[in-house]
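Examination of the molecular architecture
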Amino acid sequence: MLLLALLLCFSLSALGQLDESQFEDNVDIDLADFDLDIAPRRVPRQVKTILAKETKPHIHELAIKTTIISRYAFTAVYCAMLNRHSAATEGVFQFQIPADAYVSNFTMIVGGRVYQSEVRLKEKRVKQENGKPKNKESSDTSPEPEMEVFRMPVNIPGRNRAVFILMYEELLQRRLGRYEHITSLRPLQLVSRFSLDVTIVDHSPIMDVEVLLLRNGKTSGSANTATGPKAAKTQAKPELPITTSIKNDKNVWKVTFSPNIVQQAKISTNGILGDFVIRYDVQRDMGIGDVQVLNGHFVHYFAPKDLPAVPKNVVFVIDTSASMVGTKIRQTKEALFTILKDLRPGDRFNFISFSNRIKVWQPSRLVPVTPLNIRDAKKFIYMLIPTGGTNINDAIQTGSSLLSDYLLGPDSSPNSVSLIIFLTDGRPTVGEMQSTSILGNTRSAVQEKFCIFTIGIGNDVDYRLLERMALENCGMMRRIQEDADASAMLKGFYDEIGTPLLSDIRINYTENSVSYVTQNLFTNYFNGSEIVIAGKLTNQSTESLRVQVTASNNDKSIVLETDVPLRHLQIETEKHVKAATAAMTAGAKPPGPGVAQGLGIPKIAEHFVERVWGFLSVKEELRSRLRSQTSKEREDHTQHATNLSLTYHFLTPLTNMVVEKPEVQADGIMVPAPTITPAAGEAASPVNELSGDSDDEKPQKPAGKVGSQTTSLVNKIGEVGRKPSKKSITISKTSADGDPHFVVEFPLSKLTVCFNINGEPGHVLRLVSDHKYSGVTVNGKLIGAPAPPGSHKQQRTYFSTITIVVDHPKRAYIEVTPKKVILDGRDRIVLPCHSTVAVDSGVLSVAIVEKSNVTVTVGGNISFVILLHQYKNPAPYQRDHLGFYIGNSKGLSHNCHGLLGQFLYVDVGLSELPAQGDMKPSSFLKLKNRSVPVVHKSRKIYSGKQSVDCWFARNNAAKLIDGQYEDYLMSHMFDTGDWPHGTNKM
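This is a predicted model, so every value here is computed, not measured. (Residues numbered from 1 in each chain as written. Predicted model: local features only at pLDDT ≥ 70, side-chain atom pairs only at ≥ 80, totals over all residues. Heavy atoms only, no water.)

1. Focus: the packing of aromatic side chains
Tallied over the entire structure, the rule returns 32 aromatic pairs. Ring geometry for Y102 against F650: centres 5.3 Å apart, planes inclined by 40°, an arrangement best described as tilted. Here Y102, found in strand β4 (residues 102-110), pairs with F650, found in the loop between α15 (631-647) and β31 (655-658); they are 548 residues apart in sequence, far enough to count as distant. Looking at Y102, the relative accessible area reads 2%, which means it is buried. For F650, a relative accessible area of 0% puts it in the buried group. Through a chain of ring-to-ring contacts, the aromatic side chains of Y72, F74, Y102, W613, F615, Y648 and F650 assemble into a single cluster. (Phe/Tyr/Trp six-rings, centres within 6.5 Å; stacked < 30°, edge-to-face > 60°. Helix = DSSP H or I, 4+ residues; strand = E, 2+ residues; numbered from the N terminus. Buried < 20%, exposed > 50% of the residue type's maximum accessible area, 1.4 Å probe, protein only.)

In structure tokens, the structure reads:
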């Protein structure tokens, strides 16, 4: 959500510069407009002709900025498109993004109006919305290319401008000892102002930075060109793309590429410049690897070096069906001949070819690497002739049986790495053809004894089958496009997995110090790759973290163990994040009018470790979803991946990115955007009598003025009422407000109990948990602030976001911040908090009293009231925040839990121990057979309008709440997991 806010702010700032006079000044374009550095008379006639023939809107400016912080890349694309004609004309914003990246924001400014995208749950069997990458996988069998096209057509009013802002994120993968970052430069026309800026910052020293010549091929795999040490030999003085500059200052590398319009025309007159490829590596030492810590999250990079290679047992299973005839079989043979040369003396290998029939080169055995065996293998490969159908099931069964029998034999080394490399260009057409049966048969044959690596060539492959086969059997899948260099890519893929260094890797951290850790068990580690793990720290004040790595290498076990200093790492990580943001904002040539420096990246970069965790977690859940064996497993992984995608605003296979498109009439005039118009004067009749005032800090009071508020909506959602309900709601004292101060009212006992929770910024607290019964879950996220002068605390924490999730009768949620409310019921709507309005979506209804409070009603017998605490001129220790009150809890079940929910149906008693000697009288609460020491206090609630006497439980409500307060920390705002522990009875 921070990313959305930042980009929206940027969009509004850019909007302020797009006035009508500016549009008029740019209507009559001469050649000087296309490039400020070149006089019109020097523009070649060919370029003039190309520009004169343009009928579509012209891309006046294209600025691409990437910041790579510790191998996590943020990319922002700014595109300004100008319609020179008097009539409205369709402009198409199109940009290719890496297949492994996630789009995290898209914004348009058209005709002086901002159109902000929203990421929402993808409904089943719903036609894809605009704003989805065009080539994103939409079925179980469609191939996923190396690059995907994000495409957005929009009508631009006559003599007007449209601005498009796209952001995406990706974690760079280390392959063959190098990280590779690719930017696709294909605007499909010559661009007036063109710039690409890439900033690379890392905690470790950056080395071997290399920029390749522009690559025009469709493939983007690292196999297309030499890499690693070999690259240095073959290209001692690599040429750079024209205008490319590489600078290094204190381990901050900056690469820029800014060809003017004439230089672009020399590369390509159709606007297809190619892929701009940067490769680099970082210096690393032998040990547990590099750990980065920031804002309660950590990321661990592990890539050991200087280890001896582990012997491998490999069976190549090669498709020789009729469809492999021609280029495919020729390139496959070329790759296999090269791979044979790279086998090591300790390796064992065999070949199987399959079509209708299965042919095994050396029946019933794997052979050692000897000159004679290599020669005979070449003969077998040379004689392969494509013919017949595709029997995938029998081919896999034969290869699995061959490898399993060898592993049980006397020649097998216990510490060797075993794998099958399976290559096909088609779907099963002979024998077993059902994917589920093939996968089941494969699992039964493999039995977790070895890994299967799959390669699909062309467009007729069942990629989902190959991907599941690899994932279920600890391997990887690689796609090779129809017109790609299959020989180079196949050889490149083998190079990635051809040198195993470790097996059975396990990475552990101090017990109870971390939570929600991504995958930490790995079957193999291959030379030149990298293992990346991320997680959350359960206690940010912990001084150190114990990291232990165990693995096997050849004939010995390896144990690496050390304590990493968390405080020191936090400081170091903050330093290189500051270095990255400073490099982006200082000394850079502005890309042009209307472009904010850095395009919003500096702010979101401050949270890069958390975003690495979110990115990896989504990827992991999607992989687990793909290989799940039951519908329940699949549903759970789908839910987790969806929740994370929504939390981090990622466009994934489970979400859609939706943006309202402006309507332009035939005469070129824009149709006004839809509006929500609250009734005038309704602020005087609020839904309840609570205001947004704070007790000791004076936030902004309601202005009492209600006007028409324009909001960007995909369509009219639910029923948007002109008059919020005037029915008064009786609100209990049970609440979480302020710092945060919790108050629980026990009407039967006529007692009120209070306690504090001293969490950390970023923590998500479970307030109400009734997922299994009423289907309601309430979570609140904390934000930090410095303590006021003279306070005994080091910092304060407040609720910055509250999410209410409902699962019955269907899933819906409301997300509340001090500035806006997101309602996702029948559809998705964003409502501002500075207007009075009511919306009923069926499952959920919301009523907002401007700048005061939000009432959320679930089904008629559950209601929550959220106070909006806002400040006009906040002090350094003040933050806009929320207060949460339970209005009506009748619909919540007796099994309800959470920091507040566990007390709704519980009785409590009070007992006092008389004074004894020097001891003063003491009071105890009797709750669930527990005795809780308490003291008497007075606390203000309802924004300071009422004081309440309460019995205060110290030490984060120890013994008062079930378990410990750490048990109420959730992984994300949409986490609906049930209370996993029993009560803390005494």
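2. Re the environment of K733
Checked against the element boundaries, K733 lands in the loop between β34 (719-721) and β35 (735-737). Taking the C-alpha atoms as reference, K733 lies 6.5 Å from V743; in sequence the two are 10 residues apart.

3. A few points about the sheet that holds strand β12 (residues 206-211)
In spatial order, the strands read β9-β10-β15-β12; together these four strands make up an open sheet with antiparallel pairing. The strands lining the two open edges of the sheet, one partner per strand, are β9 (174-175) and β12. (Pairing = 2+ DSSP bridges.)

4. Digging into the packing of helix α10 (residues 463-472) against helix α14 (residues 608-627)
Where α10 contacts α14, the two axes come as close as 9 Å, and the packing angle between them is 105°. If you check the angle between α10 and α14, you find them roughly perpendicular. Across the interface between the two elements, R464, E467, R468, L471 and E472 from α10 touch R623, L626 and R627 from α14. Here the residues of the contact of α10 with α14 sort into two nonpolar, no polar and six charged. (Axes fitted to C-alpha atoms, helices over the stretch in contact; angles between N-to-C directions. Parallel < 35°, antiparallel > 145°, perpendicular 65-115°, else oblique. Contact = heavy atoms within 4.5 Å. Nonpolar A, V, L, I, M, F, W, Y, C, P; charged D, E, K, R; others polar.)

5. Quick look at helix α8 (residues 392-408)
Along its 17 residues, α8 runs 25 Å from first to last C-alpha, staying within 8% of the 24 Å computed at 1.5 Å per residue. Among all positions of α8, only I392, N393, A395, I396, G399, S400, L402, L403, S404 and Y406 are buried. Of the surrounding elements, those touching the buried residues of α8 are β18 (312-319), β19 (348-354), β20 (358-360), β22 (417-424), α9 (435-446) and α10. (Expected span 1.5 Å × (residues − 1).)

6. Points about the confidence of the model for the chain
Scored by pLDDT, the chain comes out at a mean of 80, with 79% of its residues at no less than 70. When pLDDT is averaged over each element of the chain, β19 comes out on top at 96 and strand β33 (residues 709-710) at the bottom at 28. Segment residues 1-41: pLDDT under 50, and 86 contacts once partners within four positions in sequence are set aside and those in other chains are kept. Low pLDDT, under 50, characterises residues 217-236; the predicted model gives this stretch 37 contacts beyond four residues in sequence or across chains. (pLDDT = per-residue confidence, 0-100.)

7. Things to note about the side chain of S800
Assignment of secondary structure puts S800 in strand β40 (residues 795-806). The class for S800 is buried, based on a relative accessible area of 14%. When sequence neighbours within four positions are dropped, the list of residues in contact with S800 reads K781, L782, I783, V816, T817, P818 and L882.

8. Description of the pairing of β18
Within β18, eight of the eight residues are buried, which leaves the element mostly enclosed by the surrounding structure. Here β18 shows a buried face lined by K312, V314, F316 and I318 and a second buried face lined by N313, V315, V317 and D319. As paired elements, β18 and β22 share seven bridges and run parallel to each other. Residue pairing across strands places V314 opposite L419, the latter belonging to β22. As paired strands, β18 and β19 are joined by seven bridges and run parallel to one another. Within β19, the residue paired with V314 across the bridge is F349. A crossover links β18 with its parallel partner β19, the connecting element being helix α6 (residues 327-342), and its sense is right-handed. (Right-handed = clockwise from strand over helix to strand, strands pointing away.)

9. Some points on the state of the cysteines
Inspection of the entire model under this criterion finds two disulfides. Paired by a disulfide, C451 and C474 hold their sulfur atoms 1.9 Å apart. Its torsion about the S-S bond being -105°, the disulfide of C451 and C474 is classed as left-handed. With C451 in strand β23 (residues 451-457) and C474 in the loop between α10 and β24 (477-480), this pair connects stretches of sequence that are 23 residues apart. Its relative accessible area of 33% is what places C474 among the partly exposed residues. The residue that forms a disulfide with C754 is C950, at a sulfur-sulfur distance of 2.1 Å. Across the disulfide from C754 to C950, rotation about the S-S bond amounts to roughly 75°, and the bridge is consequently right-handed. Here C754, found in strand β37 (residues 751-756), pairs with C950, found in strand β52 (residues 946-953); they are 196 residues apart in sequence, far enough to count as distant. Take C754 and C950: they sit in the same class, and that class is buried. (Disulfide = S-S within 2.5 Å.)

10. Notes on α9
For α9, with 12 residues, the first-to-last C-alpha span of 16 Å sits near the 16 Å given by 1.5 Å per residue. Along α9, the positions that sit buried rather than exposed are I438, L439, G440, T442, A445 and V446. Of the surrounding elements, those touching the buried residues of α9 are α8, β23 and α10. Among the residues trailing α9, Q447 stands out with phi positive, at a value near 50°.

11. Comments concerning unusual backbone geometry
The backbone of D504 shows a phi angle near 50°, a positive value even though the residue is not glycine. Examined against the element boundaries, D504 turns out to sit in strand β25 (residues 500-509). Look at D504 and you get exposed, because its relative accessible area is 54%. Although it is not a glycine, K928 sits at a positive phi angle of roughly 50°. Note that K928 resides in the loop between β50 (922-927) and β51 (930-941).

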